[in-house]
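Working through the structure, step by step
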Amino acid sequence: MDQIKIKRLEVFAKHGVLTEENVLGQKFLISATLYCDTKKAGKSDQLEDSVNYAAVAKLIEEETKQETFCLLERLAWHLAKKILLTFSQIEKVDIEIEKPWAPVMLPLDTVSVCISRGWNTAYLSIGSNLGEKKDNLLQAIRLLNEDPLTKVTKQSSFIETEPVGYTEQDDFLNAALEIKTLRTPEELLELIHTIEQELKRVRKIHWGPRTIDLDIILFNDQIIQKDDLIIPHIEMTNRLFVLEPLCEIAPYVIHPVLHESVLALIRWREHSGRRRITDMKEL
């Protein structure tokens, strides 16, 4: 991806663990690498088609002076987040903060912290089979969009599906979402649980009826296996109510374990007579 670089912007501000640093202040040198697509600006020669690096530099200066943090790590994340939320063309940013006057009482040129942050792409499955199903799904989408670190970028059609597992319940209304988020997978899971609680999700019966169900299906190309979080979702290949709406918005997204597209997974299910997959080698 193309890059726009701001190198060693000098800002006098008040950050540090020591009280004197927060009172007297000191010099910081801040560099930012902005990852964005510059093709349109290269053709049009118009500033509005690019990232205004003067505006980015001004934002860095203002935010660095306005806030006071103990750690450079906290300042770096604060600046990265502000840049990504303010300038929509920027997909990723590298931040380096140098502290040439660091009070370490040893001869050195500078100390610095470098971080990389960017928008993550995740795919969610949402479903409801209690109350006003469509309204429940729309409320969940609204709450996702209200999170300042998350935005819904694609939404599939709503499809009605029969329940799986516990069948003595009403049919579900399901959909798939593509989201962009600055949250980690764990932080996204926390957000999902908060939304489910707000919409009064009750977990009484495994695979039972629910006002809302939100699952993380894919998160970038990450593979995660924890007690409370498995990505890719372990059951996605067995759930047509997940695969079909997901294929509508992301047919060529690759399953990072199976190395197959969502479209290929659906075709395999159709070819196999929709038999349940119990061993990944079957694919």
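Quick look at the structure, then. Keep in mind that what you see is a predicted model, and the values were worked out from it rather than measured.

Let us now look at the overall build of the protein chain. For the protein chain, the count of helices and strands is 8 helices and 11 strands. Going through the 283 residues of the protein chain one by one, you find that 49% of them count as buried. A fraction of 63% describes how many contacts in the protein chain between residues 6 or more apart in sequence connect residues 24 or more apart. Within the structure as shown, the protein chain displays about 15600 Å² of accessible surface, and the carbon and sulfur contribution to it stands at 50%. Both charge centroids of the protein chain, one from 36 positive and one from 45 negative side chains, sit 1 Å from each other.

Burial runs high along helix H7 (residues 240-249): 8 of the 10 residues are buried. Where the residues of H7 are buried, they touch strand S5 (120-128), strand S6 (150-155), strand S7 (159-161), strand S8 (172-181), strand S9 (213-219) and helix H8 (262-271).

Time to look at the environment of Leu-173. The topology assignment puts Leu-173 in strand S8. Overall, Leu-173 belongs to the buried group, its relative accessible area being 15%. A sequence separation of 43 residues divides Leu-173 from Leu-130, and the C-alpha atoms of the two residues are 9.5 Å apart. In contact with Leu-173, other than residues within four places in its own chain, are Ile-126, Gly-127, Ser-128, Lys-133, Lys-134, Leu-137, Phe-158, Ile-159 and Glu-160.

Under the counting rule described, the total for this entry stands at 0 aromatic pairs. It is Lys-92 that lies over the ring of Tyr-35; its NZ or CZ is 4.8 Å from the centre. The side chain of Lys-151 reaches across the aromatic face of Trp-119, ending 4.4 Å from its centre.

With that settled, the discussion passes to the nonpolar core. Counting residues in hydrophobic clusters, the biggest one holds 32 residues, and the most contacted among them are Leu-34, Val-51, Val-56, Ile-83, Ile-95 and Ile-97. Ranked by the residues each element gives to this core, the list is headed by helix H4 (residues 72-86), at 7 residues. Excluding residues within four positions of it along the chain, Ile-83 makes contact with Leu-34, Val-56, Leu-59, Ile-60, Ile-90, Val-93 and Ile-95. Among the nonpolar cores identified, the runner-up in size contains 26 residues, and Ala-140, Ala-175, Leu-199 and Ile-224 belong to it.

Let us look at the packing of helix H5 (residues 133-146) against helix H6 (residues 185-198). Where H5 meets H6, the closest approach of the two axes is 10 Å, and the angle between their N-to-C directions is 135 degrees. One finds that H5 runs oblique with respect to H6. Judged by the twist between their axes, the crossing of H5 over H6 is right-handed. For the pair H5 and H6, contact is made by Ala-140, Leu-143 and Leu-144 and by Leu-191, Ile-195 and Glu-198, respectively.

There is a patch of nonpolar side chains on the surface, built from Val-17, Leu-18 and Leu-71 and spanning about 280 Å² of accessible area. As for its position among the elements, Leu-71 is in the loop between helix H3 (53-66) and H4. We classify Leu-71 as partly exposed; its relative accessible area is 45%.

Further remarks concern the environment of His-233. Of note, His-233 is situated in the loop between strand S11 (230-231) and H7. When sequence neighbours within four positions are dropped, the list of residues in contact with His-233 reads Asp-215, Ile-216, Ile-217 and Arg-239.

Moving on: the pairing of S5. Among the 9 residues in S5, 9 count as buried, and that is most of the element. Residues of S5 alternate between two faces, with Asn-120, Ala-122, Leu-124, Ile-126 and Ser-128 on one and Thr-121, Tyr-123, Ser-125 and Gly-127 on the opposite face, all of them buried. In this sheet, S8 lies alongside S5 in antiparallel orientation, the contact comprising 9 bridges. Looking at S8, one finds that Leu-124 is bridged to Leu-177. Alignment of S5 against S9, held across 6 bridges, turns out to be antiparallel. Counted as the bridge partner of Gly-127 is Asp-213 from S9.

Our next topic: the side chain of Glu-63. Tracing the chain through its elements places Glu-63 in helix H3. Despite its burial, Glu-63 remains without a salt bridge, the nearest opposite charge being carried by Lys-82 at 4.2 Å.

Attention now goes to the packing of H7 against H8. A pair of packed helices is captured by two measures, namely the crossing angle of their axes and the spacing between those axes. Two numbers describe how H7 lies on H8: the axes approach to 9 Å, and their chain directions differ by 135 degrees. Classified by the interaxial angle, the pair formed by H7 and H8 is oblique. Here H7 runs over H8; the crossing is left-handed. Seen from H7, the contacting residues are Leu-240, Leu-243, Glu-244, Leu-246 and Cys-247; seen from H8, they are Val-262, Leu-263, Leu-265, Ile-266 and Arg-269.

Criteria and thresholds
- Within each chain, residues carry numbers counting from 1 in the order of the written sequence.
- Local features are withheld for residues below a pLDDT of 70 in this predicted model, meaning they are given only at 70 or higher, and side-chain atom pairs are given and counted only at 80 or more; totals for whole chains, interfaces and linings count all residues.
- Water and hydrogen atoms play no part in the side-chain values, which are based on all heavy atoms of the structure.
- Helix and strand assignments come from DSSP, with helices taken as H or I runs of at least 4 residues and strands as E runs of at least 2, each series counted from the N terminus.
- Each residue is placed in one exposure class: buried if its accessible area under a 1.4 Å probe, protein chains only, is under 20% of its type's maximum, exposed if it is over 50%, and partly exposed if it falls in between.
- Residue contacts follow a heavy-atom distance rule, with two residues in contact if any of their heavy atoms lie within 4.5 Å.
- Computed by Shrake-Rupley with a 1.4 Å probe, the accessible areas treat only the displayed protein chains as cover when residues are assessed.
- The convention is simple: Lys and Arg are positive, Asp and Glu are negative, and His and the chain ends are not counted.
- Think of each charge as sitting on NZ of Lys, CZ of Arg, CG of Asp or CD of Glu.
- Each Phe, Tyr or Trp ring (for Trp, its six-membered ring) is paired with any other whose centre lies within 6.5 Å, and the angle between the two planes then decides the class: stacked below 30 degrees, edge-to-face above 60, tilted in between.
- Any Lys NZ or Arg CZ that is within 6 Å of a ring centre and within 35 degrees of that ring's normal is treated as a charge sitting over the ring.
- For our purposes a nonpolar core is just a set of buried Ala, Val, Leu, Ile, Met, Phe, Trp, Tyr and Cys residues, chained together by side-chain atoms within 4.5 Å.
- Only the contacting stretch of a helix is used when fitting its axis, a line to C-alpha atoms as for every element, and angles between N-to-C directions run 0 to 180 degrees.
- Should an angle fall under 35 degrees it is called roughly parallel, over 145 degrees roughly antiparallel, and 65 to 115 degrees roughly perpendicular, with every other angle called oblique.
- Should the near helix be turned anticlockwise from the far one by less than a right angle, the crossing is left-handed, and should it be turned clockwise, the crossing is right-handed.
- Only residues whose relative accessible area exceeds 30% and that form no salt bridge enter a patch; like-charged residues are grouped when within 9 Å of one another, and nonpolar side chains (Val, Leu, Ile, Met, Phe, Trp, Tyr) when within 5 Å.
- Take a side-chain nitrogen of Lys or Arg and a carboxyl oxygen of Asp or Glu: if they are within 4 Å of each other, that pair is a salt bridge.
- By the convention used here, strands pair only if DSSP detects at least 2 bridges between them.

Read these as geometric descriptors, not functional statements.
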